[in-house]
Amino acid sequence: MQANGAGQGQESSDLSCLNSAQNGESSSAGGTHSNGLLSNTNNGNSVGTNNGATTGPNSGTSTASTASGSGLEVGSLKKKKRLSQSEEDVIRLIGQHLHGLGLNQTVDLLMQESGCRLEHPSATKFRSHVMEGEWDKAENDLNELRALMRSPNAIVRMKFLLLQQKYLEYLEDGKVLEALHVLRAELTPLKYNTDRIHVLSGYLMCSHAEDLRAKAEWEGKGTASRCRLLDKLQTYLPPSVMLPPRRLQTLLLQAVELQRERCLYHNTKLDSSMDSVSLLLDHTCSRRVTVANLPLSWSCSAHRKQFPCYTQQILTEHCNEVWFCKFSNDGTKLATGSKDTTVIIWQVDPENHQVKLMRTLEGHAYGVSYLAWSPDDAYLIACGPDDCSELWLWSVQTGELRTKMSQSHEDSLTSVAWNPDGKRFVTGGQRGQFYQCDLDGNLLDSWEGVRVQCLWCLSDGRTVLASDTHQRIRGYNFEDLTDRNIVQEDHPIMSFTVSKNGRLALLNVATQGVHLWDLQDRVLVRKYQGVTQGFYTIHSCFGGHNEDFIASGSEDHKVYIWHRRSELPIAELTGHTRTVNCVSWNPAIPGLMASASDDGTVRIWGPAPFLDTQEADGLNENCSNMDS
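Residues numbered from 1 in each chain as written. Predicted model: local features only at pLDDT ≥ 70, side-chain atom pairs only at ≥ 80, totals over all residues. Heavy atoms only, no water.

(A) Looking closely at the packing of helix α6 (residues 154–172) against helix α8 (residues 194–202). Look at α6 against α8: their axes get within 11 Å of each other, and the N-to-C directions meet at 10 degrees. Relative to α8, the element α6 is oriented roughly parallel. For the pair α6 and α8, contact is made by F160, Q164, Y167 and L168 and by R196, I197, L200 and S201, respectively. (Axes fitted to C-alpha atoms, helices over the stretch in contact; angles between N-to-C directions. Helix = DSSP H or I, 4+ residues; strand = E, 2+ residues; numbered from the N terminus. Parallel < 35°, antiparallel > 145°, perpendicular 65-115°, else oblique. Contact = heavy atoms within 4.5 Å.)

(B) Just helix α9 (residues 209–216), in detail. Those residues of α9 that fall on the buried side of the exposure criterion are D211, L212 and A216. Along the long axis of α9, the arc covered by the buried residues comes to 115 degrees, so they all point the same way. Once α9 finishes, E217 follows within two positions and takes phi at roughly 50 degrees, a positive value. (Buried < 20%, exposed > 50% of the residue type's maximum accessible area, 1.4 Å probe, protein only. Arc of directions from axis to C-beta.)

(C) Fine view of the sheet that holds strand β8 (residues 343–348). In space, the 4 strands of this open sheet follow the order β6-β7-β8-β9, with antiparallel pairing throughout. Edge positions in the open sheet fall to β6 (322–327) and β9 (355–361), since each of these has one partner strand only. Put simply, the sheet's adjacent strands are angled 20 degrees from each other on average, direction ignored. As paired strands, β8 and β9 are joined by 6 bridges and run antiparallel to one another. By the bridge assignment, V348 is partnered in β9 with V355. (Pairing = 2+ DSSP bridges.)

(D) Spatial organisation of the pattern of salt bridges. With the rule as written, the count across this model stands at 22 salt bridges. The shortest N-O distance in the salt bridge between D173 and K221 comes to 3.0 Å. With D173 in the loop between α6 and α7 (176–187) and K221 in the loop between α9 and α10 (223–234), the pair connects residues that are 48 residues apart, well separated along the chain. Classification of K221 as partly exposed rests on a relative accessible area of 43%. Several salt bridges converge on common partners, so that one network encompasses D136, K166 and E186. (Salt bridge = Lys/Arg side-chain N within 4 Å of Asp/Glu carboxyl O.)

(E) Quick peek at α6. Taking 1.5 Å of rise per residue, the 19 residues of α6 would be expected to cover 27 Å, and the 27 Å separating its terminal C-alpha atoms lies within 8% of that figure. In terms of burial, α6 is a largely internal element, 15 of the 19 residues being buried. Looking at the residues trailing α6, positive phi occurs at G174, about 80 degrees. (Expected span 1.5 Å × (residues − 1).)

(F) Structural detail: the confidence of the model for the protein. Chain-level pLDDT for the protein is 81 on average; 78% of the residues reach the 70-or-more range. Predicted confidence for residues 1–34 stays below pLDDT 50, and this span has 84 contacts to residues more than four positions away or in other chains. For the stretch residues 611–628, pLDDT sits under 50, and the model shows 13 contacts to residues farther than four places along the chain or on other chains. (pLDDT = per-residue confidence, 0-100.)

(G) The pairing of strand β14 (residues 415–418), seen in detail. Neither face of β14 is open: one carries S415 and A417, the other V416 and W418, and all of them are buried. Remark: 5 residues form the turn of the hairpin made by β14 and strand β15 (residues 424–428), two consecutive strands paired antiparallel; G422 in that turn has positive phi of roughly 75 degrees.

(H) Up close: the pairing of strand β27 (residues 549–552). Where burial is concerned, the two faces of β27 agree: the one with F549 and A551 and the one with I550 and S552 are both buried. Here strand β26 (residues 541–543) runs beside β27; their pairing, made up of 3 bridges, is antiparallel. Each residue of the ladder has a partner; that of F542, found in β27, is I550. From the end of β26 to the start of β27, which pair antiparallel, there are 5 residues, and G544 there has a positive phi angle of about 80 degrees. Where β27 meets strand β28 (residues 559–563), 4 bridges bridge the pair, whose relative direction is antiparallel. Counted as the bridge partner of S552 is Y560 from β28.

(I) The packing of aromatic side chains, seen in detail. For the coordinates displayed, the defined rule picks out 11 aromatic pairs. Where F160 meets Y192, the ring centres are 5.3 Å apart and the plane angle is 75 degrees; that geometry is what we call edge-to-face. Here the residue F160 occupies a position in helix α6, and Y192 occupies one in the loop between α7 and α8, the gap between them amounting to 32 residues. With a centroid separation of 5.3 Å and an interplanar angle of 75 degrees, the aromatic rings of F434 and F478 are classed as edge-to-face. Residue F434 is found in strand β16 (residues 434–438), and its partner F478 is found in the loop between β20 (472–477) and β21 (482–488); the two are separated by 44 residues along the sequence. (Phe/Tyr/Trp six-rings, centres within 6.5 Å; stacked < 30°, edge-to-face > 60°.)

(J) The packing of helix α4 (residues 121–132) against α10, seen in detail. Two elements in contact, α4 and α10, have axes whose closest approach is 9 Å; the angle formed by their N-to-C orientations is 145 degrees. When the axes of α4 and α10 are compared, the crossing they make is right-handed. Two secondary-structure elements touch here, α4 through F126, R127, V130, M131 and E132 and α10 through T223, R226, C227, L229, L230, L233 and Q234. Here the residues of the contact of α4 with α10 sort into 7 nonpolar, 2 polar and 3 charged. (Left-handed = near helix turned anticlockwise from the far one by under 90°. Nonpolar A, V, L, I, M, F, W, Y, C, P; charged D, E, K, R; others polar.)

Put into structure tokens, the structure is as follows:
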């Protein structure tokens, strides 16, 4: 039965829902629904629904009697609410998803009842011909789709993709003459992407099918390669004609990723699938509460396993103030430098994330205030405080001193940075020294008159960033001897570090705290609150998966953690009893962090331990109270 004349066989250029169609709409046996997909028939009878009642030639129940039995009048169907554009889109998205799951009868019923069409009939026919490998018919379908396309050049590009698949399948089947005909008589006359045609012609020399698939990076003839082809072809068609592939899954994944990005506590690797998440609840990660003065993450055990908020070790091997700490680039080691003139290298256990003493490097007469790992972690450079004119380059594996560099007793070498090639480094200090040297300490280049506070080499291998006594960070190029201003602050920059992608810089600014700068746009992005920063040199860091977090020491004896997009701290870690000079977040283990303090200790921070049921219930109760 059809309502309001919206017949199943009606031809229409309207690509949206057929809103005049009513619940009792059905299709002719073996015909095509208005959604453009082949209908599923039941013993040759059409299937329709009317307020939950199934109708058909043999059902024994007419539409009118069914409506009467339910207390409804036929005339009320005419008052059915017209679907909005967004409602139509949602129905089509659901239909596409169900169709992908193989629930074709459900799709047919959904499209009948809503009066929608999943895709244009010409698109459905085109899809079928592509998946069946009927290339001549697929080419003819393009002529029908031409009027529906946005770009006139789309036809040529789509035809090229079709013929390329046809050519490769002929080659795989050993039909070399047919493949050569496609290349010469069909692909070449298109005069499109001639470079690709030259590459395709080279595949004629492939000796067997495996060789062809490997060189063409192609799955071979069959469903997989044709589905991939169809995905490419769909990009040229408007969504009103054919929906982009897996559109509902794409939208859901975008929503999940957006919630994760906005979550202040999320510290797990972003997963491209949705298997590990529930779509029934919004994404939430743990907040913090304080139990026995120890902040704990409690809302979600998966994220409690990842967030470093609990002191899991206190290292007391140094006998004086600890000025610096830094994890190696591969995360397997930790180096700490102290006023006690030693550097200690610690080994990180990959299983339980405990650290143990590996070796002690001695002889730094003025103490160690800065450390830098080489890119391959084979070497470690140690620098001293302002009155230190020496620099030590150690072999990590053997513990041997490779180079002890000192250009002049009047120098002050307080900072160092490795070139990405691992063969050079730059060093300098506040007395005007700025050198580039090789691994043997030989001077390669120097820049006169730059009073350096902190250094960083960018990944381009040419640019060196240096903060100086003029409250700025400038970029220096040792190759062409040019320099430029990048960051200008109003107060002294005590230290800075740069994100892995080289885009962001994190500054500890005297009396101001922690500032985030965009180095590309040269703008101040954010000022983080809470930390106490005077004129001590405090080193902050990026950390966590995707470097979404920022951590810094503070003169109030705490470690502060922020989400990069939030000015307010999400955690304040207590335990140290004097100024926390440096914080380092493990680059390979996102739930591991170290902090060095004037109290002579290094604290290793890890995830909160698992709680028993009673403690967990108590924390969940606190959760409810905080959220209410």
